[in-house]
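Summary of the model geometry
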Amino acid sequence: MPPIKRTKFKLTSEELLEMFYWLKLIRAFDERLSVLVRQGKVRSGVYTGIGQEAVIVGTCFHLRREDYICPLHRDLGAFLMKGVEPRVMMSQMFAKMTGLSKGRDSALHSGVPELGIFGNTSMLGANLPVAAGLGLTFKMDKTDNVVIAYFGEGASNVGDFHEALNFAGVQRLPIVFVCENNQYAYSVPIERSMAIDDVADRAESYGFEGVAINGNDVLAVYQATLGAINHARRGEGPTLIECKTYRWHGHSEHDKAFYRSDEELAMWKSRDPIPTFTTYLRARHLLDDAKLADVEARVKQAIDEAVDYASNAADPGPEEAIADLYA
Ligand SMILES: Cc1ncc(C[n+]2csc(CCOP(=O)(O)OP(=O)(O)O)c2C)c(N)n1
């Protein structure tokens, strides 16, 4: 059975509101980080995913704790959805003792094995063969856990991507490859790095289905992911989902993104995933002004609390540099 087509789903009103909360929380987390960078509080490069939240929420919603994600530099929201508390994530960005790596990396390489989060490496695409290895482990252990492996359209041009997809296709591994196609790899627009329109087309040559979807529609992302996850849990192999989206900020907070036009940014802002979903919820009478105010207050409280906690947390002492070493 093809993994994507005609996947039926039913979400309760509580689940739909929970999705909305996550969209708002992840947006607020990144927006606050962007301000904190300018205040000199963050000890890490910051690569916000503002504008891309629907990809994270749609792919992480309903994952099990045992399922693994392999997130990238732009996917802090995936850490939050997989169970990392905002205060711990903020501490991580502040390089404090209360962060995931106790202040010992540039913030973006930590993993949390007990939550099913594999830490990213800086080499783009290098997380994908690792995802294949995780998928192979799940298959050999005869579990029905799945792996969600994120990558940018830029990373889909490196060798690791092709090796990982080939291996996953041959072995029918339980992996959902999620391409966050935000149109640029740093300053390089997609038409300068690929001779085809859709990254999704690349899946066919490795023997599994690839689909290109509107990555700013959280329900479209959820539906496609659900189909792909069910397919993987049944032991029927991987799927590639290409989410067409856009990052509003530069590649990182130090990039002013002069390589793109104001008109292009405005066009994509008009497709902001959050108002789109707000309209959907309001039209179905699932969201009114009072509920919206409640969500916004809870989000603000969570972020304020995270910033306070991280600001007041201890810095690592020098002895921490040689703690937890294996050799
Ligand atoms: C193999 C490799 N080449 C180049 C870089 C430098 N680099 C870091 S992020 C980036 C752009 C990534 O673009 P994409 O894969 O589309 O992901 P996005 O940042 O757009 O989410 C580049 C070129 C790297 N980290 N690894």
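Our subject is the structure listed above.
Residues numbered from 1 in each chain as written. Predicted model: local features only at pLDDT ≥ 70, side-chain atom pairs only at ≥ 80, totals over all residues. Heavy atoms only, no water.

**Focus on the overall build of the chain**
The secondary structure content of the chain amounts to ten helices and seven strands. Compactness check: the chain gives a C-alpha radius of gyration of 19 Å against a globular reference of 20 Å for 327 residues, within 12% of the reference. Judged by the C-alpha coordinates and their principal axes, the chain covers about 60 × 50 × 40 Å. Expressed as a percentage of its 327 residues, the buried residues of the chain come to 54%. Of the contacts formed within the chain by residues at least 6 apart in sequence, a portion of 77% connects residues at least 24 apart. Across the chain, the 36 positively charged side chains and the 44 negatively charged ones have centroids separated by 2 Å. (Helix = DSSP H or I, 4+ residues; strand = E, 2+ residues; numbered from the N terminus. Rg over C-alpha atoms; globule rule 2.2 N^0.38 Å. Buried < 20%, exposed > 50% of the residue type's maximum accessible area, 1.4 Å probe, protein only. Contact = heavy atoms within 4.5 Å. Lys, Arg positive; Asp, Glu negative; His and termini not counted. Charge placed at Lys NZ, Arg CZ, Asp CG, Glu CD.)

**Looking at the site of the ligand**
H73, R74, S122, G154 and Y184 are the nearest of the 14 residues found near the ligand. R74 places a polar side-chain atom, nitrogen or oxygen, 2.7 Å from an oxygen atom of the ligand. In the environment of the ligand, a nitrogen atom lies 3.0 Å from a nitrogen or oxygen atom belonging to the backbone of L124. Look at the ligand: alone it shows 580 Å² of surface, and the protein chains cover 72% of it. Within the shell around the ligand, the residues separate by chemical class into six nonpolar, six polar and two charged. (Near = heavy atom within 4 Å. Polar contact = N/O pair within 3.5 Å; in protein donor to acceptor, adjacent residues only side chain to side chain. Areas by Shrake-Rupley, 256 points an atom, 1.4 Å probe, with all protein chains shown as cover. Nonpolar A, V, L, I, M, F, W, Y, C, P; charged D, E, K, R; others polar.)

**Section: the packing of aromatic side chains**
For the coordinates displayed, the defined rule picks out eleven aromatic pairs. Between Y184 and Y259 the ring centres are 5.4 Å apart and the planes differ by 50°, which places this aromatic pair in the tilted class. With Y184 in strand 4 (residues 184-185) and Y259 in the loop between strand 7 (239-244) and helix 8 (262-269), this pair connects stretches of sequence that are 75 residues apart. The class for Y184 is buried, based on a relative accessible area of 8%. A centroid spacing of 5.7 Å and a plane angle of 10° characterise the contact between F277 and Y280, whose relative ring orientation is stacked. A residue pair is termed a helical-turn pair when its members lie 3 or 4 positions apart in one helix, as F277 and Y280 do in helix 9 (residues 273-283) at three residues. According to the relative accessible area criterion, F277 is buried, its value standing at 4%. (Phe/Tyr/Trp six-rings, centres within 6.5 Å; stacked < 30°, edge-to-face > 60°.)

**Things to note about the nonpolar core**
Within the largest apolar cluster, 73 residues are counted, with the highest numbers of intra-cluster contacts made by M19, M90, M93, I241 and F277. Looking at this core element by element, the count peaks at 13 residues for helix 1 (residues 13-38). What M93 contacts, discounting residues up to four positions off in sequence, is L33, V42, R43, S44, G45, V46, L76, A107 and L108. Counting residues in hydrophobic clusters, the runner-up holds 26 residues, among them A131, A168, M194 and Y206. (Core = buried A, V, L, I, M, F, W, Y, C linked by side-chain atoms within 4.5 Å.)

**Some details on helix 4 (residues 86-93)**
Burial within helix 4 is extensive, with six of its eight residues counted as buried. Within helix 4, the full set of buried residues consists of V88, M89, M90, S91, Q92 and M93. Where helix 4 is buried, its residues touch helix 1, helix 3 (76-81) and helix 10 (289-312).

**A word on the sheet that holds strand 6 (residues 210-214)**
Ordered by their spatial adjacency, five strands build an open sheet running 1-2-3-7-6, and the pairing between neighbours is parallel. The sheet terminates laterally at strand 1 (68-70) and strand 6, the two strands that pair on one side only. Sheet twist, expressed as the mean angle between neighbouring strand axes with direction ignored, is 20°. Sheet topology places strand 6 next to strand 7; five bridges connect them, and they run parallel. Residue A212 lies in a different strand from strand 7, and its bridge partner there is E242. Where helix 5 (residues 127-140) meets the sheet, its contacts fall on strand 1, strand 2 (147-152) and strand 3 (175-181), and the angle it forms with strand 2 comes to roughly 170°. (Pairing = 2+ DSSP bridges. Axes fitted to C-alpha atoms, helices over the stretch in contact; angles between N-to-C directions.)

**A word on the packing of helix 1 against helix 10**
Any two packed helices are characterised by how steeply their axes cross, that is the angle between the axes, and by the distance between the axes. At a closest axis distance of 9 Å, the pairing of helix 1 and helix 10 adopts a crossing angle of 40°. Regarding the angle of helix 1 to helix 10, the classification is oblique. Crossing of helix 1 over helix 10 shows right-handed handedness. Within the contact between the two elements, helix 1 uses L17, F20, Y21, K24, L25, A28, F29, R32 and L36 and helix 10 uses K291, L292, V295, E296, R298, V299, A302, I303, D304 and V307. (Parallel < 35°, antiparallel > 145°, perpendicular 65-115°, else oblique. Left-handed = near helix turned anticlockwise from the far one by under 90°.)

**Looking at the pattern of salt bridges**
Enumeration over the complete set of coordinates arrives at 17 salt bridges. Here R298 and D294 are joined by a salt bridge, their closest N and O atoms 3.4 Å apart. Of this pair, R298 and D294 both sit in helix 10, separated by four residues, roughly a single helical turn. (Salt bridge = Lys/Arg side-chain N within 4 Å of Asp/Glu carboxyl O.)

**Quick notes on the packing of helix 1 against helix 7 (residues 218-233)**
Axis separation between helix 1 and helix 7 bottoms out at 12 Å; the angle between their running directions is 110°. Comparing the axis directions of helix 1 and helix 7 gives the class roughly perpendicular. The two elements helix 1 and helix 7 cross, and the hand of that crossing is right-handed. For the pair helix 1 and helix 7, the contacting residues are L16, M19 and L23 in the first and V218, L219 and Y222 in the second. Grouping the constituent residues of the contact of helix 1 with helix 7 by class yields six nonpolar, no polar and no charged.

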